[in-house]
Amino acid sequence: MPSVCWTKDSPKNLEAAPPTPALLRAAQPTLLVTVTGGASFLSPRTFQPLLAAAHEPVWIAALVLRTGSYRHIEDGLAPYGLITEKAAVPTYPQRRFTSVHEQRYAITAVTAAGEDPRGKETDGYFHTALHLSRPAKDAAALPLTTLTKDDRRPESVIERDSFRG
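These numbers were taken from a predicted model, which means no experiment stands behind them.

Asker: Could you clarify how one ought to interpret the overall build of the chain in this entry?
Answerer: Helix and strand counts for the chain come out as six helices and five strands. Its helices and strands taken in sequence order, the chain reads α-β-α-β-α-β-β-α-β-α-α from the N to the C terminus. The burial tally for the chain puts 37% of its 165 residues in the buried class. Residue pairs at least 24 apart in sequence account for 75% of intrachain contacts in the chain once pairs closer than 6 positions are excluded. Accessible surface, the chain as shown: approximately 9900 Å² in total, 57% of it carbon and sulfur.

Below, the structure is given as structure tokens:
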């Protein structure tokens, strides 16, 4: 399966400009789109032309900071037959806070979103949650909890030490 890569002829920001015909052709065999950062800068505008060009239903796996909402993107993916599920656990450390002010902001935002910052943002790191968008039949056939389950270790043991400097 070929991967899509950016070229000098492709717009680097699908929020600001439409994709080129070459990028749309390259997106046709796409089955999975991943977002590993910057989801707060995206809107459905980034995904819609790629989803329209794809020959098969596409899954979108996005790691989104727990301080923000993914709802606007989720709503924009629904017309393409994608439902979005958010994994409650595990969360993934993204980066260390740069200041006490940044940490206070994150703890407040996570709490306001109805999440518990204990052991995550309170320990000094932004954390992300997995948002998986896919066709309903795929979600029914393979539950998100099955995909995120790790039988090798208890859920309470997350290797945060590997992220500490």
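Further notes follow.
Asker: Where do I start with the packing of aromatic side chains in this structure?
Answerer: Two aromatic rings are characterised by how far apart their centres lie and by the angle between their planes. Scanning the model with the defined rule gives one aromatic pair in all. The ring of W59 has R134 sitting right over it, with the charged end atom 4.9 Å from the ring centre.

Asker: Is there a simple way to explain unusual backbone geometry in this structure?
Answerer: What you tend to see is this: most non-glycine residues have negative phi, and most peptide bonds are trans. Going from V89 to P90, the amide bond is cis rather than trans, its omega being -10 degrees. With respect to the secondary-structure elements, P90 resides in the loop between strand 3 (82-86) and strand 4 (92-96).

Asker: How do you make sense of helix 2 (residues 44-53) when you look at a structure like this?
Answerer: An α-helical turn contains 3.6 residues, so any two residues separated by three or four positions project in the same direction. Residues of helix 2 that are buried: P44, T46, F47, L51 and A53. Tucked into the core, helix 2 has its buried residues touching helix 1 (21-27), strand 1 (32-35), strand 2 (59-65), helix 3 (71-77) and strand 3.

Asker: I would appreciate a short explanation of the side chain of E15 in the present structure.
Answerer: Tracing the backbone through its elements, the reader meets E15 in the segment before helix 1. A distance of 2.4 Å separates the side chain of E15 from the side chain of T46, its partner in a polar contact. Among all residues touching E15, those that are not within four sequence positions of it are F41, L42, S43, R45 and T46.

Asker: How should I be thinking about the nonpolar core in this particular structure?
Answerer: Nonpolar side chains in soluble globular proteins tend to end up buried together. Of all hydrophobic cores here, the largest spans 14 residues; its most connected members are V35, F47, L51, I60, Y70, I73 and L77. For this core, the secondary-structure elements that each account for two or more residues are helix 2, strand 2 and helix 3. The element best represented in this core is strand 2, accounting for three residues. In contact with L51, other than residues within four places in its own chain, are V58, I60, L77, Y80 and L82.

Asker: Would you mind going over helix 4 (residues 100-112) with me for this structure?
Answerer: The end-to-end C-alpha distance of helix 4, which contains 13 residues, comes to 18 Å, matching closely the 18 Å that a straight helix rising 1.5 Å per residue would cover. Along helix 4, the positions that sit buried rather than exposed are E102, Q103, A106, A109 and V110. The arc enclosing the buried residues of helix 4, seen along the axis, measures out at 130 degrees, which places them on a common side. Counted as exposed and oriented over 90 degrees from the buried face of helix 4: V100, H101, R104, T108 and A112. The secondary structure elements touched by the buried residues of helix 4 are strand 4 and strand 5 (125-135).

Rules of the game
- Residues numbered from 1 in each chain as written.
- Predicted model: local features only at pLDDT ≥ 70, side-chain atom pairs only at ≥ 80, totals over all residues.
- Heavy atoms only, no water.
- Helix = DSSP H or I, 4+ residues; strand = E, 2+ residues; numbered from the N terminus.
- Buried < 20%, exposed > 50% of the residue type's maximum accessible area, 1.4 Å probe, protein only.
- Contact = heavy atoms within 4.5 Å.
- Areas by Shrake-Rupley, 256 points an atom, 1.4 Å probe, with all protein chains shown as cover.
- Phe/Tyr/Trp six-rings, centres within 6.5 Å; stacked < 30°, edge-to-face > 60°.
- Lys NZ or Arg CZ within 6 Å of the ring centre and 35° of its normal.
- Polar contact = N/O pair within 3.5 Å; in protein donor to acceptor, adjacent residues only side chain to side chain.
- Core = buried A, V, L, I, M, F, W, Y, C linked by side-chain atoms within 4.5 Å.
- Expected span 1.5 Å × (residues − 1).
- Arc of directions from axis to C-beta.

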